[in-house]
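So the chains spell out like this:
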Amino acid sequence: MKGWFGYLLMGILGISAFTPAVAQQRSSYVLVIHGGAGTILQKNMTPEKEAAYKASLKHALETGYGVLKGGGSSLDAVEATVRVLEDDSLFNAGKGAVFTHDGRNELDAAIMNGKTKAAGAVAGVTTVRNPVSAARAVMEKSEHVMMVGPGAEKFAKEAGLEIVDPAYFRTESRWRDLQRALREDSIAAAKSNAYTNPGKLGIKNIDYKFGTVGAVALDKQGNLAAATSTGGMTNKKYGRIGDSPIIGAGTYANNQTAAISCTGWGEYYIRNVVAYDLSALMEYKGLTVQQAGNTVIKKVGDMGGDGGLIALDKQGNMTMSFNTEGMYRGAVTKDGKIEIAIYK
Ligand code: ASP
């Protein structure tokens, strides 16, 4: 059995990862997760920190895989997986989310069912402990796809979800990240064009995004689902919403193509409609999931953006493409093997 890296390489080389015989199997189930892409350098990582990240990713994978193994739906699996990562302060989602310019934690999340193409999302919520479950409630208990701010919070409360004090999400390390970003921001603001072309100011070198989480799954019934949850980008301004809760940008699932969850500089993912573009490349051009993943990440990079994605097709072929130094990621493959990686 090849590792995920083998599949990525095969994708880059345009080689199909599975023989048709294997692709026919219907009972296989697969889970792929990410914990954010960014400037993750091995030289900056202590062995303790690396072990903690790997243990968290493993715990999330085991949780979601348990759901799939027990015959649960891909939708249940991605929600359960993302909830574990939201509750883990290592990641930029739920507890441990990054801070906005105004010193708040504003959370975005989305979920999508590949069988029905039903989708739900919340954005800018500050009191919902598990935004991914609020996104699912929007999908299943309302006639809408996306709710934002206080309205979404009210809806989540009425749906019976756990509401917390905004202070619950705070961590000191994310607070320090904001203070650092605010210092950099004042330098950048002294130059012109700060928000129309941040790359020119060297902002790209500062990691404003880090630790968004996502999961994609294929269940025993052959159905795909995707979910993404994030605090967005450190120092984000005045109601900014990223790609994660936008269906087709940061999150998408379609049984005919793939389930996709993105992480990276959200503005570029919105402008490139990355998740849907990946799906469309498979649907209209017949690309494999690996080829489509690499193509859309290249487009993001060509425009000056950075990040990554995970995607999984209905045969269980996966890709984990990224153009950053690293991406926290992992999978439980068809043979039940857990694979976790961080660096390039
Ligand atoms: N894509 C997220 C956003 O722009 C951030 C991330 O993935 O780290 O809100």
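Residues numbered from 1 in each chain as written. Predicted model: local features only at pLDDT ≥ 70, side-chain atom pairs only at ≥ 80, totals over all residues. Heavy atoms only, no water.

**Focus on the site of the ligand**
Definition in use: Throughout this document, a residue counts as near a molecule or strand when at least one of its heavy atoms sits within 4 Å of that molecule or strand. Polar contact criterion, stated in full: a pair of N or O atoms within 3.5 Å, where within protein one must be able to donate a hydrogen and the other to accept it, and residues adjacent in sequence count only if both atoms are side-chain atoms. Areas reported here follow the Shrake-Rupley algorithm with a probe of radius 1.4 Å; residue values treat only the protein chains shown as occluding. Gly is placed with the polar residues, together with every amino acid not listed as nonpolar (Ala, Val, Leu, Ile, Met, Phe, Trp, Tyr, Cys and Pro) or charged (Asp, Glu, Lys and Arg).
In the vicinity of the ligand lie twelve residues, with Thr212, Arg240, Asp243, Thr263 and Gly264 positioned nearest. Within the side chain of Arg240, a nitrogen or oxygen atom sits 2.8 Å from an oxygen atom of the ligand. Between the ligand and Thr263 there is a distance of 2.8 Å, counted from an oxygen atom to a side-chain nitrogen or oxygen. Bound to the protein, the ligand loses 100% of the 270 Å² it would expose on its own. Grouping the amino acids of the shell around the ligand by side-chain chemistry returns two nonpolar, seven polar and three charged.

**Re the pairing of strand E11 (residues 326-332)**
Put simply, the rule reads: With a 1.4 Å probe rolled over the protein chains alone, any residue whose accessible area is under 20% of its type maximum counts as buried; one over 50% counts as exposed, and the rest are partly exposed. Working definition: helices are DSSP H or I runs of at least four residues, strands are E runs of at least two. Numbering for both runs from the N terminus. The pairing criterion is simple: DSSP has to find at least two bridges between the two strands.
Of all the seven residues making up E11, seven are buried; the element is thus mostly covered by neighbouring parts of the structure. Across six bridges, strand E1 (residues 30-38) lies against E11 in antiparallel orientation. Bridged to His34 within E11 is Arg329. Relative to strand E12 (residues 338-343), E11 is paired through five bridges, and the arrangement is antiparallel. In the sheet register, Ala331 faces E12, and the bridge partner there is Glu339.

**Thoughts on helix H6 (residues 149-158)**
Operational definition: Here the arc refers to the set of directions running from the helix axis out to each C-beta atom. Should any heavy atoms of two residues lie within 4.5 Å, those residues are counted as being in contact.
Along H6, the residues classified as buried are Gly149, Ala152, Glu153, Phe155 and Ala156. All buried residues of H6 lie within an arc of 165° about the axis, which places them on one face of the element. Of the exposed residues in H6, the ones pointing more than 90 degrees away from its buried face are Pro150, Lys154, Lys157 and Glu158. The inward-facing, buried residues of H6 contact strand E3 (119-125), helix H5 (131-141) and strand E4 (146-148). After H6 finishes, the residue Gly160 shows a positive phi value of roughly 90°.

**Considering the sheet that holds strand E5 (residues 213-218)**
Whether parallel or antiparallel, the strands of a sheet pair through hydrogen bonds between backbone atoms. The test is simple: Lines fitted to C-alpha atoms define the axes, with helix axes restricted to the stretch in contact, and inter-axis angles between N-to-C directions lie between 0 and 180 degrees.
A sheet is described by the order of its strands in space; here eight strands give the open sequence E4-E3-E2-E6-E5-E1-E11-E12, paired in mixed fashion. Two strands bound the open sheet, and with one partner strand each, they are E4 and E12. Each adjacent strand pair in this sheet contributes to an overall mean axis angle of 5°, direction not counted. Contacts from helix H3 (residues 47-69) reach E1, E5, E11 and E12 within the one sheet, and its direction differs from that of E12 by about 145°.

**Thoughts on the pattern of salt bridges**
Cut-off, in case you're wondering: Salt bridges are defined by distance alone: a side-chain nitrogen of Lys or Arg within 4 Å of a carboxyl oxygen of Asp or Glu.
Applying the stated criterion across every chain, the model contains 16 salt bridges. Between Glu62 and Lys58 there is a salt bridge; the shortest N-O distance is 3.1 Å. Of the two residues, Glu62 and Lys58 are both situated in helix H3; the distance of four residues between them amounts to about one turn of the helix. For Lys58, a relative accessible area of 40% gives the class partly exposed. The shortest N-O distance in the salt bridge between Glu172 and Arg170 comes to 3.0 Å. What makes Arg170 partly exposed here is its relative accessible area of 34%.

**Here's the deal with the packing of aromatic side chains**
How two aromatic rings sit relative to each other is set out by the distance from centre to centre and by the angle between their planes. Stated formally: Paired rings are identified among Phe, Tyr and Trp, the last through its six-membered ring, by centres lying within 6.5 Å, and are further divided according to the angle between planes into stacked (under 30 degrees), edge-to-face (over 60) and tilted (the rest). In this analysis the charged atom, NZ for Lys or CZ for Arg, is taken to sit over a ring once it is within 6 Å of the ring centre and within 35 degrees of the ring normal.
Here the structure, examined in full by the defined rule, presents eight aromatic pairs. Aromatic pair Tyr168 and Phe169: ring centres 5.1 Å apart, planes at 75°, arrangement edge-to-face. The exposure class assigned to Phe169 is buried, which follows from its relative accessible area of 0%. Aromatic side chains Trp265 and Tyr268 sit 4.9 Å apart centroid to centroid with 70° between the ring planes, which places their arrangement in the edge-to-face category. Tyr268 carries the same exposure label as Trp265, and that label is buried. Through successive ring pairs, a cluster of aromatic residues spans Tyr53, Phe91 and Tyr328. We note Lys95 situated over the ring of Tyr168; from NZ or CZ to the ring centre the distance is 4.9 Å. Of note, Arg170 hangs over the ring of Trp175, and the distance from its end group to the ring centre comes to 4.5 Å.

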